Amino acid sequence: MIAASPALADDACPAGTLGVSRIVEVDTTGGPWFGEPHGDRNLLSPGEVVLTFDDGPSPKDTRTILAALAKECTKATFFVVGSMVVQHPDVLAEIANQGHTIGTHTWSHANLAALPISQATQEIESAFNAAQKASPTPIAPFFRYPYLSSSKQTVDYLRSRNIGQFAVDIDSLDWRIHNSKALINKVMTGLKARGRGIILMHDIHKSTADALPELLSQIKAAGFKVVQLKPKAQVEMIADVAPPVTLSHVKSAVRRFKHQRTVSRAKRPAPTEAGFKTIW
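What comes next concerns the included structure. Computed from a predicted structure; not experimentally measured.

1. A few points about helix α2 (residues 59-71)
Between its first and last C-alpha, α2 extends 18 Å over 13 residues, near the 18 Å set by a 1.5 Å rise per residue. Taken as a whole, α2 has its buried residues at Asp-61, Thr-62, Ile-65, Leu-66, Ala-68 and Leu-69. Down the axis of α2, the sector holding all buried residues measures 165°, keeping them to one side. More than 90 degrees from the buried face of α2, the exposed residues found are Lys-60 and Lys-71. Those residues of α2 hidden inside the fold are in contact with β4 (48-54), β5 (77-80), α4 (89-97), β10 (197-202) and α9 (206-221).

If you want it as structure tokens, here you go:
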């Protein structure tokens, strides 16, 4: 693990902004864990935090979150879902162009521990491929399990792929709370109790997007510093991994078929009297 000079992180930020106190370049060889309970607690010094967002990109909420981060001149890691990326590649590109770190969170937010390893690897690899295809810069070999649900097989697989496995130190519970004030209180209480850590939020909730400016202000006022994590090496892509066929894909295909059939019928010329005589 190599820590960059604080000057490299903060010099370009206006006075009074939260900024980035340091950039930490991490080695993901062997698929190490980051965050509790398996990660190295000493990755972060007391008073340091890493901001992370799962489940996007979402056009409105992700952009609101990006604006709040930009106003404070600070950075985060976004663990994106492959199926969301293909719907909103422009938002993924904005995340990358603004200098944030991009990891992945499976193709369809599947519970990998409940899947055969062949399906689990398909979920993992297709998400990395989608994210890299949409990103103008290399994405990171960083991965977070949906529901934080792993198995020995998935852990071993990511280790073999040299992909860092991310857990959580402070969970905002924003997926359940949906209240900005309560979310801020939850995060700040966790930070003050633990003193440092990786914070989990989701960039698909309006309440999270609305809470972020005040949360960043309170993080700054409490004396916490933001650290950005970057990889020492790029993720090695496995080409031509097709996305898994999920129930949502089937439902989407049925909707497209019904829509196309309706459009086709609307465009079909109305039968004429002559036509009826010919048919009958």
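2. Some points on empty space enclosed by the protein
A probe as big as a water molecule, rolled over the atoms, marks out the empty space that is left. This structure, assessed with the given rule, holds 1 cavity of 30 Å³ or more. Taken as a whole, the largest cavity holds about 90 Å³ of empty space. The wall of the largest cavity is formed by 13 residues, among which Gly-35, Asp-40, Arg-41, Asp-169 and Arg-194 lie closest to the centre. Classifying every residue of the lining of the largest cavity gives 4 nonpolar, 3 polar and 6 charged.

3. A look at the pattern of salt bridges
Using the criterion set out here, one finds 12 salt bridges in the structure. Among the ionic pairs, Glu-36 bridges to Arg-41, the shortest N-O distance being 3.9 Å. A relative accessible area of 29% means that Glu-36 is categorised as partly exposed. By relative accessible area, Arg-41 is classed as partly exposed at 37%. When the shortest N-O distance is used, the salt bridge between Asp-169 and Arg-194 registers 3.4 Å. On the criterion of sequence distance, the pair formed by Asp-169 in the loop between β8 (164-166) and β9 (170-171) and Arg-194 in helix α8 (residues 180-194) is long-range, its members being 25 residues apart.

4. Some points on the state of the cysteines
A complete count under the given rule lists 1 disulfide for this structure. At a sulfur-sulfur separation of 2.1 Å, the disulfide partner of Cys-13 is Cys-73. Measuring the twist about the S-S bond at about -80°, one finds the Cys-13-Cys-73 disulfide to be left-handed. Taken together, the residues span a long stretch of sequence, with Cys-13 in the loop between α1 (6-10) and β2 (22-26) and Cys-73 in the loop between α2 and β5 at a distance of 60 residues. On the accessibility criterion, Cys-73 (21% relative accessible area) is partly exposed.

5. Structural notes on the pairing of β5
Side chains Thr-77 and Phe-79 project from β5 onto one buried face, and the interleaved Phe-78 and Val-80 project onto a second face that is buried too. The sheet contact formed by β4 and β5 spans 3 bridges and is parallel. Bridge pairing in β5 places Asp-54 opposite Phe-79. Handedness of the β4-α2-β5 crossover: right-handed. Pairing of β5 with strand β6 (residues 101-104), which is carried by 4 bridges, proceeds in the parallel orientation. Bridged to Phe-78 within β6 is Ile-102.

Cut-offs applied
Residues numbered from 1 in each chain as written. Predicted model: local features only at pLDDT ≥ 70, side-chain atom pairs only at ≥ 80, totals over all residues. Heavy atoms only, no water. Helix = DSSP H or I, 4+ residues; strand = E, 2+ residues; numbered from the N terminus. Expected span 1.5 Å × (residues − 1). Buried < 20%, exposed > 50% of the residue type's maximum accessible area, 1.4 Å probe, protein only. Arc of directions from axis to C-beta. Contact = heavy atoms within 4.5 Å. 1 Å grid on protein atoms, 1.4 Å probe; cavity = no way out; pocket = protein on both sides within 12 Å on 5 of 7 lines; lining within 4 Å. Points joined across faces, edges and corners; volume = space filled by probe spheres on them. Nonpolar A, V, L, I, M, F, W, Y, C, P; charged D, E, K, R; others polar. Salt bridge = Lys/Arg side-chain N within 4 Å of Asp/Glu carboxyl O. Disulfide = S-S within 2.5 Å. Pairing = 2+ DSSP bridges. Right-handed = clockwise from strand over helix to strand, strands pointing away.

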